[in-house]
Amino acid sequence: MKRIIILVMAILLAFGVNTNILANSSENLSDETIKNIAIEFTESSLSDFSDYNSDYLIDENATQLKEFLKDKRALKIIKEEKLGRRLNLIDLEIKDVRFEELGDNCGVILKVAVNFLDGDVKSSLEYFNAIVINKITGKVIAASTNDLTAGTLLNNQTLNSAEDLISFSNYDSKNLMLKSYKEDCSYNFDESVKKFEAYVEEINNEELNSDKKEKLVLRRSNYRSFSSSDRQAMRTYQDRWFNGFNPDYANFEGYGGDCTNYASQVLYSGCRTMYARSGSGIAGSNYWFYRSSNDRSSSWTGVNELRSFLLNNTTKGPSGNISSTFGALESGDIIQLGSGGNYYHSIVVYKQGGDPYVTAHTSSYSGYYSSRYGGSSNSKIHIDGYYY
């Protein structure tokens, strides 16, 4: 038994965890120690890419958090089996760490960037982990994340910024799992699995470009279909800006999200045509333009407003139609998450395929649609070209 205790202490020291945690000290842990605990938990138990877990760091009463981690690991295995691809981490970077005092506890928000192989395809994701740690025991008592697998369990979490992801003042003291501002973190594991399996069945049954054979969309004479060079321009723009912000445009991450602002930028790189009004200020979804954060159309930055513009525009700028299949989508086309007229996230197709390679802002992502968004309710918009 003595040898086992010594071994455990050595492991804790190797991972940078203060072994004073094991003692019932009444002194608060330092911010540096709390940060190291949060990072270890991020790189192990909360990670999609680690076979090692640090569940010993979790408070014994955090039953909902433990259940969430168990379901997250099980769902990752299911996703890999259904897609026939394994996730392998290339590198992980903690880009930012912030603290919030919560009495006897400390809230820690970590901005995490990962590069990984999804099968043999290089992919990237930025996401947030929010973790509550007791300042005396060093135990994790609550946590939330919007990483790959958590996004499949909790579809609404995928796009959240740190501010949207979590309200530290609203974590559940009984179940000890963090809640978002918008809705709680409840989910149905079996339902999430069914939705993901239905998505995989859908893409497996698709015929590439079947939609283009089904529909003939009549356009006016001042309409130009996207050329191969236009599509390439939109791919080039995504390569440059999927994980950054073009200084020619405002960043709307703190103002409802930057996903549609980014999608509009990609579209504009292909068509180079806006539909602007003569006045200044915020115009409605009948227009599509950007001059500044306070002089633009709502359709440039709003998910539902962009949708309305694309599907109804016959005047100037890009125009599209609903697609029933993923395989019909091409570079620059838009996938929107949501249903029933209420859409909350815009995703841009980078490369055509039954399981398309996509990019998005809020949170920044580049990879297969299935790995980040598979199982989410969606609407697919194929953008044929633009009016000039």
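Quick note: structure is the one above.
Predicted, not measured: the structure shown is a model, and the values here were computed from it.

Novice: Explanation requested: the overall build of the protein chain in the structure shown.
Specialist: Across its full length, the protein chain holds 12 helices and 14 strands. Taken across its 388 residues, the protein chain has 55% of its residues classed as buried. For the protein chain, restricting intrachain contacts to residue pairs at least 6 apart in sequence, the fraction spanning at least 24 positions comes to 62%. When the accessible surface of the protein chain is split by element, carbon and sulfur atoms take 47% of a total near 17,200 Å².

Novice: I would appreciate a short explanation of the side chain of threonine 145 in the present structure.
Specialist: Along the chain, threonine 145 turns up in strand 4 (residues 140–145). Overall, the relative accessible area of 1% leaves threonine 145 in the buried class. Of the polar contacts made by the side chain of threonine 145, one reaches the backbone oxygen of phenylalanine 128; its length is 3.4 Å. Within the structure, threonine 145 has its side chain in polar contact with the side chain of asparagine 129 (distance 2.6 Å).

Novice: Sorry if this is basic, but what is going on with the nonpolar core here?
Specialist: Grouped burial of nonpolar side chains is what soluble globular proteins tend to show. The biggest cluster of nonpolar side chains holds 51 residues, and the ones touching the most others in it are Phe41, Leu65, Ile131 and Tyr369. Ala263, Cys271, Trp300 and Ile334 belong to the second-largest nonpolar core, a separate cluster that totals 27 residues.

Novice: Sorry, what's going on with the packing of aromatic side chains here?
Specialist: Two numbers describe a pair of aromatic rings. These are the distance of the centres and the angle of the planes. This model, assessed by the stated rule, comprises 18 aromatic pairs. With 6.0 Å between their ring centres and 35° between their planes, tyrosine 290 and tryptophan 300 make a pair best called tilted. Within this pair, whereas tyrosine 290 is found in strand 7 (residues 290–292), its partner tryptophan 300 is found in helix 10 (residues 298–301), the two being separated by 10 residues in sequence. Residue tryptophan 300 is classed as buried on the basis of its relative accessible area, which comes to 0%. By the ring-pair criterion, three or more aromatic residues cluster together here, those being Phe196, Tyr199, Phe326, Tyr365, Tyr369 and Tyr373. Directly above the aromatic system of tyrosine 388 lies the positively charged group of arginine 224, at a separation of 4.3 Å from the ring centroid. Arginine 240 extends its terminal NZ or CZ atom over the ring of tryptophan 241, reaching a point 3.8 Å from the ring centre.

Novice: Would you mind going over the pattern of salt bridges with me for this structure?
Specialist: Taken as a whole, this structure holds 18 salt bridges when the rule is applied. Here lysine 380 ties to glutamate 202 by a salt bridge, and the two come within 3.7 Å at their closest N and O atoms. With a gap of 178 residues between them, lysine 380 in strand 14 (residues 378–387) and glutamate 202 in helix 6 (residues 189–205) connect regions that are remote in the sequence. Since its relative accessible area comes to 6%, lysine 380 is described here as buried.

Novice: What exactly am I supposed to notice about the packing of helix 9 (residues 259–271) against helix 11 (residues 303–312) here?
Specialist: Packed helices, taken two at a time, are described by the angle their axes make and the gap between the axes. In the contact formed by helix 9 and helix 11, the axes pass within 9 Å of each other and the chain directions differ by 30°. Regarding the angle of helix 9 to helix 11, the classification is roughly parallel. Contact residues: Cys259, Thr260, Ala263, Ser264 and Leu267 in helix 9; Val303, Leu306 and Leu310 in helix 11. When grouped by side-chain class, the residues that make up the contact of helix 9 with helix 11 number 6 nonpolar, 2 polar and no charged.

Novice: What is the right way to look at the pairing of strand 9 (residues 317–323) in this model?
Specialist: The two faces of the sheet receive side chains in turn, since in a regular strand these alternate between them. Summarising burial for strand 9: 6 of the 7 residues are buried, a large majority. By the bridge criterion, 7 bridges tie strand 9 to strand 14 in an arrangement that is antiparallel. Within the sheet, the bridge partner assigned to glycine 317 lies in strand 14 and is tyrosine 387.

Procedures and definitions
- Residues numbered from 1 in each chain as written.
- Predicted model: local features only at pLDDT ≥ 70, side-chain atom pairs only at ≥ 80, totals over all residues.
- Heavy atoms only, no water.
- Helix = DSSP H or I, 4+ residues; strand = E, 2+ residues; numbered from the N terminus.
- Buried < 20%, exposed > 50% of the residue type's maximum accessible area, 1.4 Å probe, protein only.
- Contact = heavy atoms within 4.5 Å.
- Areas by Shrake-Rupley, 256 points an atom, 1.4 Å probe, with all protein chains shown as cover.
- Polar contact = N/O pair within 3.5 Å; in protein donor to acceptor, adjacent residues only side chain to side chain.
- Core = buried A, V, L, I, M, F, W, Y, C linked by side-chain atoms within 4.5 Å.
- Phe/Tyr/Trp six-rings, centres within 6.5 Å; stacked < 30°, edge-to-face > 60°.
- Lys NZ or Arg CZ within 6 Å of the ring centre and 35° of its normal.
- Salt bridge = Lys/Arg side-chain N within 4 Å of Asp/Glu carboxyl O.
- Axes fitted to C-alpha atoms, helices over the stretch in contact; angles between N-to-C directions.
- Parallel < 35°, antiparallel > 145°, perpendicular 65-115°, else oblique.
- Nonpolar A, V, L, I, M, F, W, Y, C, P; charged D, E, K, R; others polar.
- Pairing = 2+ DSSP bridges.

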